[in-house]
Amino acid sequence: MTGIGRVLVIVYAVMALAATGRSFVQIVRRFDEAPLAYSLSALAAAVYVLATLALVLARRRGWYTVAWIAIVFELTGVIVVGLLSILLPELFQHETVWSLFGRGYLFIPLVLPVFGIWWLRTHRPVTADRPIEVSA
């Protein structure tokens, strides 16, 4: 993996570490304040970890599929939680919970999966019947 792919993996790894740390603290210290939001935060952390691992191994067909599923699940979750935070803000009252499609995180949760899907579409795995693709 080179260039843009490495940057993508690094960003996913940073998001995985940040989300895991944040959700751990939220669940240990404040779970009773916003159980739905903090449970979703832990789920997001798990998805970021899985997506990072799958992107690293995406040149293999099985992991490529896992990467697609994880990133599409991530994008769906961001859209659903973003819409819920707009339509039912009472579900996400606590100030540390991002809303409005990741505005508090500079829209990275919304943009990252879109970029990940684009990258996966342009970097298919190596198969026996198809040669390795060289991309810039």
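None of the values given here were measured: they were computed from a predicted structure.

Parameters at a glance
- Each residue is numbered by its place in its chain's sequence as written, counting from 1.
- A pLDDT threshold of at least 70 governs which residues receive local features in this predicted model, and a stricter bar of 80 or more applies before side-chain atom pairs are shown or counted, although totals over entire chains, interfaces and linings include all residues.
- Only hydrogens and water are set aside when side-chain values are computed; all heavy atoms of the structure are taken into account.
- When the centres of two rings from Phe, Tyr and Trp lie within 6.5 Å, Trp using its six-membered ring, the rings pair. Their planes under 30 degrees apart give stacked, over 60 give edge-to-face, and anything left gives tilted.
- Labels follow the DSSP assignment, with helices taken as runs of H or I lasting at least four residues and strands as runs of E lasting at least two, numbered in each case from the N terminus.
- Only protein chains enter the accessibility calculation, which uses a 1.4 Å probe; a residue is then buried when its area is under 20% of its type maximum, exposed when over 50%, and partly exposed in between.
- Residue contacts follow a heavy-atom distance rule, with two residues in contact if any of their heavy atoms lie within 4.5 Å.
- An axis is simply a line fitted to the C-alpha atoms; with a helix, the fit covers only the stretch in contact. Between two such axes, the angle follows the N-to-C directions and lies from 0 to 180 degrees.
- For classification purposes, an angle smaller than 35 degrees is called roughly parallel, one larger than 145 roughly antiparallel, one from 65 to 115 roughly perpendicular, and anything else oblique.
- Crossing handedness is read from the near helix: turned anticlockwise from the far helix by less than a right angle, it gives a left-handed crossing, and turned clockwise, a right-handed one.
- Each residue is assigned to one of three groups, with Ala, Val, Leu, Ile, Met, Phe, Trp, Tyr, Cys and Pro labelled nonpolar, Asp, Glu, Lys and Arg labelled charged, and all others, Gly among them, labelled polar.
- N or O atoms within 3.5 Å of each other form a polar contact, as long as, within protein, one can give a hydrogen and the other can take it, and as long as residues adjacent in sequence are counted only when both atoms are side-chain atoms.

A. Just the packing of aromatic side chains, in detail. Per the counting criterion, the structure on display carries three aromatic pairs. Look at tyrosine 64 and tryptophan 68: their rings are 6.5 Å apart centre to centre, the planes differ by 70 degrees, and that puts the pair in the edge-to-face class. In this pair, tyrosine 64 and tryptophan 68 are both assigned in helix α3 (residues 61–87), four residues apart and thus about one turn of the helix distant. Owing to a relative accessible area of 23%, tryptophan 68 belongs among the partly exposed residues under this scheme.

B. Structural detail: the environment of tyrosine 64. Residue classification places tyrosine 64 among the buried positions, given a relative accessible area of 7%. The spatial distance from the C-alpha of tyrosine 64 to the C-alpha of alanine 51 is 9.9 Å, given a sequence separation of 13 residues. Ignoring sequence-local partners within four residues, the contact set of tyrosine 64 consists of Ala58, Leu120, Arg121, His123, Arg124 and Pro125.

C. Structural detail: the environment of methionine 15. Mapped onto the elements, methionine 15 comes out in helix α1 (residues 4–30). On the basis of relative accessible area, methionine 15 is assigned to the buried category, the value being 14%. With 97 residues separating them along the chain, methionine 15 and leucine 112 place their C-alpha atoms 9.8 Å apart. Those residues in contact with methionine 15 that sit more than four places away from it in its chain are Tyr48, Ile108, Pro109 and Leu112.

D. Layout of the packing of α3 against helix α4 (residues 108–122). α4 packs onto α3 with a crossing angle of 155 degrees between their chain directions and a minimal axis gap of 9 Å. As the angle between them shows, α3 and α4 are arranged roughly antiparallel. Classified by chirality, the crossing of α4 by α3 is left-handed. Of the residues in α4, those in contact with Tyr64, Ala67, Trp68, Ile71, Val72, Glu74, Leu75, Val78 and Ile79 of α3 are Pro109, Leu110, Leu112, Pro113, Val114, Gly116, Ile117, Leu120 and Arg121. Classifying every residue of the contact of α3 with α4 gives 15 nonpolar, one polar and two charged.

E. The arrangement of the packing of helix α2 (residues 35–56) against α3 in detail. Running from amino to carboxyl end, α2 crosses α3 at an angle of 150 degrees, the nearest separation of the two axes being 8 Å. Judged by the inter-axis angle, α2 sits roughly antiparallel to α3. Seen from above, α2 lies across α3 with left-handed handedness. Residues Leu40, Leu43, Val47, Tyr48, Leu50, Ala51, Leu53, Ala54 and Leu55 of α2 lie in contact with α3, whose contacting residues are Trp63, Val66, Ala67, Ala70, Ile71, Phe73, Glu74 and Val81. Residue composition of the contact of α2 with α3, by class: 16 nonpolar, no polar and one charged.

F. Local environment of the side chain of histidine 123. You can see histidine 123 is positioned in the segment after α4. A polar contact is formed between the side chain of histidine 123 and the side chain of threonine 122, at a distance of 2.8 Å.

Geometric descriptors of this kind do not, in isolation, establish any biological role.
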